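Descriptive structure summary
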Amino acid sequence: MDFKAPSSPVLTVVVPTFNERENILPLIERIATALAGIAWQMIVVDDDSPDGTAGLVKSIAESDPRISCIHRMGQRGLAGAVVDGIMASATPLVAVVDADGQHDESLLPKMLTALRNDTADLVVGSRYLGDQDLERGLSAFRKAGSGFANWLAQQVIKAKLSDPVSGFFAIRRELVEAVLPRLSRNGFKILFDIISSQKQPLRIIEIPYRFRERVTGESKLDERIIIEYIGLIIAKATGDLVSPRALMFGIVGASGLVVHLTVLRLLLGGHVTFAVAQTFAAVTAMTTNFLINNAVTYRDRRLRGMKLLRGYLRFCALCGVGLLGNIFVADLVYSPTHNWWLAGAAGAGFGAIWNYVSTSFAVW
Ligand code: GDD
Ligand code: MN
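These numbers come from a predicted model, not from an experiment. (Residues numbered from 1 in each chain as written. Chains lettered and ligands numbered in written order. Predicted model: local features only at pLDDT ≥ 70, side-chain atom pairs only at ≥ 80, totals over all residues. Heavy atoms only, no water.)

What follows covers the environment of Pro181. By the secondary structure assignment, Pro181 is in the loop between α6 (173-177) and α7 (190-196). As a C-alpha pair, Pro181 and Gly147 span 34 residues in sequence and 29 Å in three-dimensional space. (Helix = DSSP H or I, 4+ residues; strand = E, 2+ residues; numbered from the N terminus.)

With that out of the way, let us pick up the packing of helix α5 (residues 140-157) against helix α8 (residues 223-237). The N-to-C vectors of α5 and α8 enclose an angle of 15°; their axes lie 9 Å apart at closest approach. As far as their axial angle goes, α8 and α5 are roughly parallel. Between α5 and α8 the crossing geometry is left-handed. Along the contact surface, α5 presents Phe148, Ala149, Leu152, Ala153 and Val156, while α8 presents Tyr229, Ile230, Ile233, Lys236 and Ala237. Within the contact of α5 with α8, the residues separate by chemical class into nine nonpolar, no polar and one charged. (Axes fitted to C-alpha atoms, helices over the stretch in contact; angles between N-to-C directions. Parallel < 35°, antiparallel > 145°, perpendicular 65-115°, else oblique. Left-handed = near helix turned anticlockwise from the far one by under 90°. Contact = heavy atoms within 4.5 Å. Nonpolar A, V, L, I, M, F, W, Y, C, P; charged D, E, K, R; others polar.)

Attention shifts here to the packing of helix α11 (residues 305-337) against helix α12 (residues 340-362). Relative to each other, α11 and α12 sit at 150°, their axes nearing to 7 Å. Taken together, α11 and α12 sit at an angle that is classed as roughly antiparallel. Crossing angle aside, the handedness with which α11 passes α12 is right-handed. Here the contact of α11 with α12 is built from residues that sort into 16 nonpolar, eight polar and one charged.

If you check the domain split of the protein chain, you get domain 1 (11-237) and domain 2 (244-362). In this structure, domain 1 and domain 2 have C-alpha centres spaced 40 Å apart. The interface of domain 1 with domain 2 comprises seven residues on the first partner and four residues on the second. Counting each side, the surface lost to burial between domain 1 and domain 2 is near 400 Å², with a carbon and sulfur contribution of 74%. (Domains from an automatic or database assignment. Buried area = accessible area lost by both parts, 1.4 Å probe.)

Our next topic: the coordination of the manganese ion (ligand 2). Perfect tetrahedral coordination of a metal by four donors corresponds to 109.5 degrees between them, and perfect octahedral coordination by six donors corresponds to 90 or 180 degrees. At 1.9 to 2.0 Å from the manganese ion (ligand 2) lie its protein donor atoms, namely Asp100 (OD) and Gln102 (OE1). Of the two residues, Asp100 and Gln102, both sit in the buried class. (Donors = N, O, S within 2.8 Å, 3.2 Å for Na, K, Ca; no water. Buried < 20%, exposed > 50% of the residue type's maximum accessible area, 1.4 Å probe, protein only.)

Looking at ligand 1, there are 26 residues lining it, with Glu20, Asp47, Asp98, Ser219 and Lys220 nearest. Between ligand 1 and Phe18, the relevant distance is 2.9 Å, taken from an oxygen atom to a main-chain nitrogen or oxygen of the residue. Interatomic distance of 2.6 Å between a side-chain N/O atom of Arg76 and an oxygen atom of ligand 1. Computed on the free molecule, ligand 1 has an accessible area of 730 Å², of which 98% lies beneath the protein chains in the complex. Those elements giving two or more residues to the shell around ligand 1 turn out to be β1 (11-17) and α3 (78-88). (Near = heavy atom within 4 Å. Polar contact = N/O pair within 3.5 Å; in protein donor to acceptor, adjacent residues only side chain to side chain. Areas by Shrake-Rupley, 256 points an atom, 1.4 Å probe, with all protein chains shown as cover.)

All right, on to the packing of aromatic side chains then. Summed over the entire model, instances satisfying the criterion amount to nine aromatic pairs. When the centroid spacing of 5.2 Å and the interplanar angle of 65° are considered together, the rings of Phe249 and Tyr356 count as edge-to-face. Highlighted residues: Phe249 in helix α9 (residues 244-268) and Tyr356 in helix α12, separated in sequence by 107 residues. The two residues Phe249 and Tyr356 agree in class, both being buried. Measuring from ring centre to ring centre gives 5.6 Å for Phe290 and Trp364, while their planes differ by 25°; the resulting arrangement is stacked. Taken as a pair, Phe290 in helix α10 (residues 274-297) and Trp364 in the segment after α12 lie far apart in primary sequence, 74 residues in all. Each member of the pair, Phe290 as well as Trp364, carries the same accessibility label: buried. Three or more aromatic residues joined by ring pairs make a cluster, and in this case those are Phe290, Tyr298, Tyr312, Phe315 and Trp364. Note that Arg76 overlies the ring of Phe18, its terminal NZ or CZ placed 3.6 Å from the centroid. In this structure, Lys189 packs its charged tip against the face of Tyr229, placed 5.3 Å from the ring centre. (Phe/Tyr/Trp six-rings, centres within 6.5 Å; stacked < 30°, edge-to-face > 60°. Lys NZ or Arg CZ within 6 Å of the ring centre and 35° of its normal.)

Let us now look at the pairing of strand β3 (residues 67-71). Relative to β3, strand β2 (residues 40-46) is paired through five bridges, and the arrangement is parallel. Considered in β3, the bridge of Asp46 is made with His71. Handedness of the β2-helix α2 (residues 53-63)-β3 crossover: right-handed. (Pairing = 2+ DSSP bridges. Right-handed = clockwise from strand over helix to strand, strands pointing away.)

Our next topic: the pairing of β1. Among the seven residues of β1, seven are classified as buried, and the element is accordingly described as predominantly covered. The alternating pattern of β1 places Leu11, Val13, Val15 and Thr17 and Thr12, Val14 and Pro16 on opposite faces, both of which are buried. Relative to β2, β1 runs parallel, the two sharing seven bridges. Note that in β2 the partner of Pro16 across the bridge is Val45. One ladder, built from four bridges, connects β1 with strand β4 (residues 93-96); its direction is parallel. Considered in β4, the bridge of Val13 is made with Ala95.

As structure tokens, this is what we get:
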């Protein structure tokens, strides 16, 4: 039995898009030129771009069977889009290329060759390798941030990759499928996530290219995505023990201490007793913690209206229980050891874990 079509594609090019209407047709043309003689297909993964990118891709697909579009509704996110595109592909090899023209698609054949003759499992287009002046597509701020992010990422993946957060790479599909359940759908750093989630180290080749200026439109990378990325690195560094969400919850908790001490200081300047000031400070910190967690840590499950009020009351009740547990544990440690800082830290640690776990179930 042979079900093979005359030219079963060997490569799927996954292209995530958000508002890339102006860029997509030129990209398809350049990729078609670069991949002449290779049986390829392209899956564009669009998050219902307001500029109608998906509609345009589908109209191109009507007359070009190599092209298809996953049109996602009610979702946003580059990493999730790339994952969905790879999951929809069935070719032995997949490549990921941005739609905005910043990646150099003429490298694709070279990347494929390395995979096909089995000199590598993963080939990464690197902005920071080889000739200098490769970074012209980046602002000074992006350059500094990118350098720091690279350094952090290298510590975790224990590989000397010059561009571990590149959005331009080609890989054997089975290697992504093996780690699918572990991949984060948030943020931009899908490559880093694929590498750091592997059980066996990958054989990686980097190929330098010049990161070009965006053709039209604007970048969607913002501060929130950078914070998410740092959370992802810490999650991977701790073997997924500390999730990005738990980390964010911890940071918000620490900010609550600052709020508490500030309010306490202000109130003590007035004519109130310490106990009253301490109570007000605690309630204020709990309230700001709740609101920040609702807006940032749980932004995807944000509570509004009556649910916000109900969530707030539950949050206060659970944190109250956390405080009792905190005192209990601290006392338990203090009695036999008489070590004040160990007891204090144990109590606070217990309280923080309790607050995170219980509110994640009962509030959000
Ligand atoms: N489907 C979908 N959903 N696509 C998205 C989304 C989204 O929420 N956000 C961005 N994209 C698409 C863009 O349309 C573009 O094709 C590609 O993902 C890259 O987005 P840019 O907004 O152009 O990212 P960049 O140029 O700032 O970032 C580049 O460098 C990063 C490392 O610094 C990209 O190559 C990233 O992949 C890379 O991690
Ligand atoms: Mn870009």
